[in-house]
Amino acid sequence: MKNTLEWVNIILGGWLFISPWIFGFTGNAGAAWSAWLVGGLVLILAAWALSDKGIWEDWTNALIAAIGFFTPWFAGYAALSAAAWNMWIIALAIFVVALWAAYSPATTATT
């Protein structure tokens with residue numbers, strides 16, 4: 001189950017990373033860089049967690065998602081609805097999945 005959750009966060013992080021181009025808010029530096037940084041970090045850490053049986057990556061992704069949730073206000077793009085709602089929804093999803101993964105037992109092969 002943990003590997004499946006890591007793949008979900010890879011997809012969510014990847015979506016967040018490409019969303020400035022999809023929604024067309026690359027011209028807003030705060031919104032675009034928030035999506036690129038949060039999405040890229042989540043994607044990298046979730047991919048790393050696939051090969052590591054620890055949980056520090058999951059806790060770090062949860063922290064990054066919590067910070068990302070507040071970036072529309074911190075970076076001043078809360079009025080840019082597509083960018084803000086995208087960050088709020090995806091950051092919340094990443095947060096939930098990361099905590100779920102942190103509390104899920106690692107997948108082990110039995111022989």
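These notes cover the structure that comes with them.

About the criteria used
- Residues numbered from 1 in each chain as written.
- Predicted model: local features only at pLDDT ≥ 70, side-chain atom pairs only at ≥ 80, totals over all residues.
- Heavy atoms only, no water.
- Helix = DSSP H or I, 4+ residues; strand = E, 2+ residues; numbered from the N terminus.
- Expected span 1.5 Å × (residues − 1).
- Buried < 20%, exposed > 50% of the residue type's maximum accessible area, 1.4 Å probe, protein only.
- Contact = heavy atoms within 4.5 Å.
- Phe/Tyr/Trp six-rings, centres within 6.5 Å; stacked < 30°, edge-to-face > 60°.

1. Remarks on helix 4 (residues 81-103)
Relative to the 33 Å expected for 23 residues at 1.5 Å per residue, helix 4 spans 33 Å between its end C-alpha atoms, a close match to the ideal helical length. For helix 4, every residue scored as buried is listed here: Ala83, Ala84, Asn86, Met87, Trp88, Ile90, Ala91, Ile94, Val97, Ala98, Ala101 and Ala102. The elements touched by buried residues of helix 4 are helix 1 (2-23), helix 2 (29-51) and helix 3 (56-74).

2. Overview of the packing of aromatic side chains
Throughout the structure, instances matching the rule amount to 12 aromatic pairs. Relative to Tyr103, the ring of Trp59 has its centre 5.7 Å away and its plane inclined at 80°; by these criteria the two rings are edge-to-face. Taken as a pair, Trp59 in helix 3 and Tyr103 in helix 4 lie far apart in primary sequence, 44 residues in all. Residue class for Trp59 comes out partly exposed when judged on its relative accessible area of 38%. Judged by its relative accessible area of 64%, Tyr103 is exposed. For the pair Phe69 and Phe70, a centre-to-centre distance of 5.4 Å together with 80° between the ring planes defines the contact as edge-to-face. By relative accessible area, which is 41% here, Phe70 ends up partly exposed. An aromatic cluster of at least three residues, connected via ring pairs, comprises Phe69, Phe70, Trp73, Phe74, Trp85 and Trp88.

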